[in-house]
Number of protein chains: 2
Amino acid sequence: MNKIERNRPGQTNGKPKRVTILQVAADAGVSFAAVSKVLRNAYGVSESLRERVNASIKKLGYTPNTAARGLRGRSFVVGVVFPDMRNPFLADIFAGISAGFERTPYQAVQGIASQSNERDLTQAMIDMQMDGLILVSSSLSPEQLTDLGSRIPAVAIGNRPLVETTFDTVNNNDEQSGRLVVQHLAKQGAERIAMLSLEHPTAMRMRESGYRHEMEAQGLSAYINIARTEQTPRGIYGGMEKLLESRPQALFCWCDAVAFESISHARSNGLRVPEDLAIVGHDNTVYCALDQNSLTSVDQSGEQIGTHAARLLVERFEGRIETEQILLQPRLVVRRSSTLDG
Amino acid sequence: MNKIERNRPGQTNGKPKRVTILQVAADAGVSFAAVSKVLRNAYGVSESLRERVNASIKKLGYTPNTAARGLRGRSFVVGVVFPDMRNPFLADIFAGISAGFERTPYQAVQGIASQSNERDLTQAMIDMQMDGLILVSSSLSPEQLTDLGSRIPAVAIGNRPLVETTFDTVNNNDEQSGRLVVQHLAKQGAERIAMLSLEHPTAMRMRESGYRHEMEAQGLSAYINIARTEQTPRGIYGGMEKLLESRPQALFCWCDAVAFESISHARSNGLRVPEDLAIVGHDNTVYCALDQNSLTSVDQSGEQIGTHAARLLVERFEGRIETEQILLQPRLVVRRSSTLDG
DNA sequence: TTGAAAGCGCTAACAA
DNA sequence: TTGTTAGCGCTTTCAA
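All figures in this text were calculated on a predicted structure; none of them were measured in a lab.

Here is what the cut-offs are and how they apply
Residues numbered from 1 in each chain as written. Chains lettered and ligands numbered in written order. Predicted model: local features only at pLDDT ≥ 70, side-chain atom pairs only at ≥ 80, totals over all residues. Heavy atoms only, no water. Contact = heavy atoms within 4.5 Å. Buried area = accessible area lost by both parts, 1.4 Å probe. Salt bridge = Lys/Arg side-chain N within 4 Å of Asp/Glu carboxyl O. Polar contact = N/O pair within 3.5 Å; in protein donor to acceptor, adjacent residues only side chain to side chain. Helix = DSSP H or I, 4+ residues; strand = E, 2+ residues; numbered from the N terminus. Nonpolar A, V, L, I, M, F, W, Y, C, P; charged D, E, K, R; others polar. Least-squares fit on C-alpha atoms with pLDDT ≥ 70 in both. Phe/Tyr/Trp six-rings, centres within 6.5 Å; stacked < 30°, edge-to-face > 60°. Buried < 20%, exposed > 50% of the residue type's maximum accessible area, 1.4 Å probe, protein only. Pairing = 2+ DSSP bridges. Right-handed = clockwise from strand over helix to strand, strands pointing away. Domains from an automatic or database assignment. Near = heavy atom within 4 Å. Expected span 1.5 Å × (residues − 1). 1 Å grid on protein atoms, 1.4 Å probe; cavity = no way out; pocket = protein on both sides within 12 Å on 5 of 7 lines; lining within 4 Å. Points joined across faces, edges and corners; volume = space filled by probe spheres on them. Core = buried A, V, L, I, M, F, W, Y, C linked by side-chain atoms within 4.5 Å. Axes fitted to C-alpha atoms, helices over the stretch in contact; angles between N-to-C directions. Parallel < 35°, antiparallel > 145°, perpendicular 65-115°, else oblique.

Asker: Go over the interface of chain A and chain B with me, naming the residues and quoting the values.
Answerer: Between chain A and chain B, the residue contacts involve 76 residues of the former and 76 residues of the latter. With both sides pooled, the region where chain A packs onto chain B buries about 7,400 Å², and carbon together with sulfur makes up 52% of that total. At the junction of chain A with chain B, the criterion picks out 6 salt bridges. A salt bridge links B:Arg86 to A:Asp92, with the shortest nitrogen-to-oxygen separation between them at 2.1 Å. The tally of links from chain A across to chain B stands at 23 residue pairs in polar contact (both at pLDDT 80 or more). Counting residues per element, the side of chain A that touches chain B draws most heavily on helix α11 (residues 256-268) of chain A, at 7 residues. Considering only residue class, the side of chain A that touches chain B consists of 32 nonpolar, 26 polar and 18 charged.

Structure below.
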């Protein structure tokens, strides 16, 4: 039985008055415009005035009202849009973003966007007067992204890189990811190498392309086999069922979580990993190292990606006009899930 | 080698003008106050005026400026503060919160707070003129929470419930969680049941208490054994090492991620799970069901918790004065990691 | 170097 | 029912 308790409040519910720039000005004995100048590090304030104002700010515990600031100038808030909260790789990216804004005046807040509400969420962030946006694995169309980039400084992470855009991008070299995996598996002696990819058109298309090209380079064109699924347990299950029909020796999964599901699925079907089915994931998330998974995975350093994104945004704020596209190189981390020989 | 490309932008960088309430008013041929009234569903607007204004809003693609709104009235933005992004249980809570705000005008944005910056983050959210806050597993002290609650409507999730506070709470019955686990393990025949808990004082203290009380009730007081660790791989490792010295038959971990680490650690030490060491987690996150984990875990329905929190906040916005404390009942989901017999 | 004043886009009291 | 008006707390000219 659930329990609910109601209590009279210890204090009233009325919004307490904020300390404003005026009270700081009064306390310091200067005009409120002077306080604003100190706040913004504006040109033309004497050292003594600055000190007096800063003393009052500290004394009164003043913090600037972001909404009021944003209404006239910058809000110093940036929005980060994630596609979901479940993938621990996103936490790596977030850590990088945080680190990137560390020594800047910018505060990052996050939003989680389902495919259907990403437009609304980004608009809401613009309406909040945020100064810039970082979009991770956005599901917006190239046209929508271009439009967004023309309305607010933006950085897209994990989108197919486009030239001549209105926004910056930071990407893993996904073509290379696909190649690394096939090279490794082929060297282990596998020929029937299948790939589990994403239905939704994203950077995964590049990973598929790398997989295809390397399969061809290895003379394994006949065994190219890709299943695209939704990112749901049911979808993944269906995709695996389909791939297993062709008795693959190895499986490349577009992300670690899917690879873990695949390990689970394979084991439930009586298949040994890696003897009967080698499995490789992508992102090298924390769970890969666990003994029960020991998953070979492609590391794309989410932290580095995030730090780049934050830096790019700050550069735009500080005046950079031309867009910048960054492409980072992945590396393979080999573990037991794909080690066929002792 | 990483690649960087620079391009001239397709469009300029200047902020495009927003559509404001004035342009809507001009387009509809009414005063801008009339538009504001339509927006706020305020009393005293004729049907025809409302229709005309709504038509102009749609036509011009107007969306209200949140910052300007917040400066006078409500911003319709609520902030959700999470302790980290790695724990998939938080995603369940978030899903519940989202669902809870679905049919309301409120937009939720998230912040991730390390222990050291939670105060700054909550202050920043207040500075953004957010209407309310939801704090998940907050590391703020009771005094800080009480103070926060007196400054802005707030709901705390996963804090030790206090009476006579300034904020609402939603909690799992953690005492009950501890009891359920010990009952289950004792029934399986285990006596030396150890617990891996958190260093930082949180709701975990209640879980420890339930563990203790049930151990006593089962006549196993002599075997009570709790290790409190940091939430880092190193910390968890150290805690396990310490607990294993006393050769426990079963281990109750304060969250699933720690339980997965424990499974990994046990296996690397040559221990079989559950034969040599039964393991139970908490939160019943998605990975528990995977064959390679098959982890028994306590389900505390994060989604329900989140939905309650959102509802409580909306109620406060709509005038509720007294605080409310909700306590939900957990249930145990048994899997192979703790099934000692057949 | 400092301060006065206008105004960002909106809400809400008040007047018409 | 509608419109007028005074701010919310700040940034940013411009004048002193």
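Asker: Can you lay out the relation of the copies chain A and chain B for me, pointing to particular residues and giving the numbers?
Answerer: Mapping chain A onto chain B leaves a residual RMSD of 0.1 Å; the transformation is a rotation of 180° accompanied by 0.0 Å of translation along its axis. Taken together, the rotation and translation describe the operation of a two-fold axis.

Asker: Account for the packing of aromatic side chains, with residues named and values stated.
Answerer: Under the definition given, this model contains 10 aromatic pairs over all chains. Here A:Tyr287 and B:Phe260 contribute two aromatic rings whose centre-to-centre distance is 6.4 Å and whose plane-to-plane angle is 85°, an arrangement assigned as edge-to-face. Here A:Tyr287, found in the loop between β10 (278-282) and β11 (296-299), pairs with B:Phe260, found in helix α11 (residues 256-268), and the two come from separate chains. Each of the two residues, A:Tyr287 as well as B:Phe260, counts as buried. Ring geometry for A:Tyr287 and B:Tyr287: centres 5.1 Å apart, planes at 50°, overall tilted.

Asker: Could you give me a rundown of the pairing of strand β4 (residues 132-136) of chain A, with the residues and numbers involved?
Answerer: Residues and elements named next belong to chain A. By the criterion of burial, β4 is predominantly enclosed, with 5 of the 5 residues buried. Two elements, strand β2 (residues 77-82) and β4, share 4 bridges in a ladder whose sense is parallel. In the sheet register, valine 78 faces β4, and the bridge partner there is glycine 132. You can see the chain leave β4, run along helix α7 (residues 142-151) and come back into strand β5 (residues 154-157), and the turn it takes is right-handed.

Asker: How would you summarise the domain arrangement of chain A if you had to cite specific residues and measurements?
Answerer: Reports often express the size of an interface as the amount of accessible area lost when the parts come together. For chain A, the domain assignment lists domain 1 (11-63), domain 2 (75-172 + 302-327) and domain 3 (174-301 + 332-338). A separation of 58 Å is found between the C-alpha centroids of domain 1 of chain A and domain 3 of chain A.

Asker: Before we move on, can you summarise the protein's contact with DNA strand C with the specific residues and values?
Answerer: The environment of DNA strand C is made up of 26 residues, and the closest members are A:Lys37, A:Ser46, B:Ile21, B:Tyr62 and B:Arg69. Take the atoms of DNA strand C that sit within 4 Å of the protein: sugar and phosphate atoms are 61% of them. Within the side chain of A:Lys37, a nitrogen or oxygen atom sits 2.5 Å from a base oxygen of DNA strand C. A:Arg72 places a side-chain nitrogen or oxygen 2.9 Å from a base nitrogen of DNA strand C. Listing elements by their share of the surface near DNA strand C, those giving two or more residues are α2 (32-40) and α4 (66-72) of chain A together with α2 (32-40) and α4 (66-72) of chain B. Residue composition of the surface near DNA strand C, by class: 14 nonpolar, 7 polar and 5 charged.

Asker: Give me α11(B): which residues, what numbers.
Answerer: All names here are of chain B. Taking 1.5 Å per residue, 13 residues should reach 18 Å; α11 reaches 18 Å between its end C-alpha atoms and fits that length. Every buried residue belonging to α11 is among Asp256, Val258, Ala259, Phe260, Ser262, Ile263, Ser264, His265 and Ala266, and all of these are buried. On the buried face of α11, the contacting elements are β7 (193-198), α10 (233-244), β9 (250-253), β10 (278-282) and β11 (296-299). Once α11 finishes, glycine 270 follows within two positions and takes phi at roughly 80°, a positive value.

Asker: How would you sum up empty space enclosed by the protein? Please name residues and give values.
Answerer: By the definition in use, this model includes 7 cavities of 30 Å³ or more. The space that makes up the largest cavity amounts to roughly 110 Å³. For the lining of the largest cavity, the secondary-structure elements that each account for two or more residues are α4 of chain A together with α4 of chain B. Grouping the constituent residues of the lining of the largest cavity by class yields 8 nonpolar, 3 polar and no charged.

Asker: Which residues make up the protein's contact with DNA strand D, and what values go with them?
Answerer: Residues in close proximity to DNA strand D total 26 residues, the closest being A:Ile21, A:Ser36, A:Arg40, A:Tyr62 and B:Lys37. At a separation of 2.8 Å, a phosphate oxygen of DNA strand D approaches a polar side-chain atom of A:Arg69. A distance of 2.8 Å separates a phosphate oxygen of DNA strand D from a polar side-chain atom of B:Ser46. If you list the elements that add at least two residues to the surface near DNA strand D, you get α2 and α4 of chain A together with α2 and α4 of chain B. Residue classes in the surface near DNA strand D are distributed as 14 nonpolar, 7 polar and 5 charged.

Asker: Outline the nonpolar core, supporting the account with residue identities and numerical values.
Answerer: A:Phe101, A:Ile134, B:Phe101 and B:Ile134 are the most contacted members of the largest nonpolar core, which has 57 residues in total. Residues within four places of B:Phe101 in sequence aside, it is in contact with B:Val78, B:Tyr106, B:Ala108, B:Ile134, B:Ala310, B:Leu313 and B:Val314. In this structure, A:Leu198, A:Leu277, B:Tyr287 and B:Cys288 belong to the second largest nonpolar core, which totals 48 residues.

Asker: So what about the packing of helix α1 (residues 21-28) of chain B against α2(B)? Which residues, and what values?
Answerer: Residue and element names in this part refer to chain B. Two elements in contact, α1 and α2, have axes separated by 8 Å at closest approach and are oriented at 105°. In terms of their interaxial angle, α1 and α2 are classed as roughly perpendicular. Where α1 approaches α2, its residues Ile21, Leu22, Val24 and Ala25 are matched on the opposing element by Phe32, Val35, Ser36 and Leu39. Split into classes, the residues belonging to the contact of α1 with α2 amount to 7 nonpolar, 1 polar and no charged.

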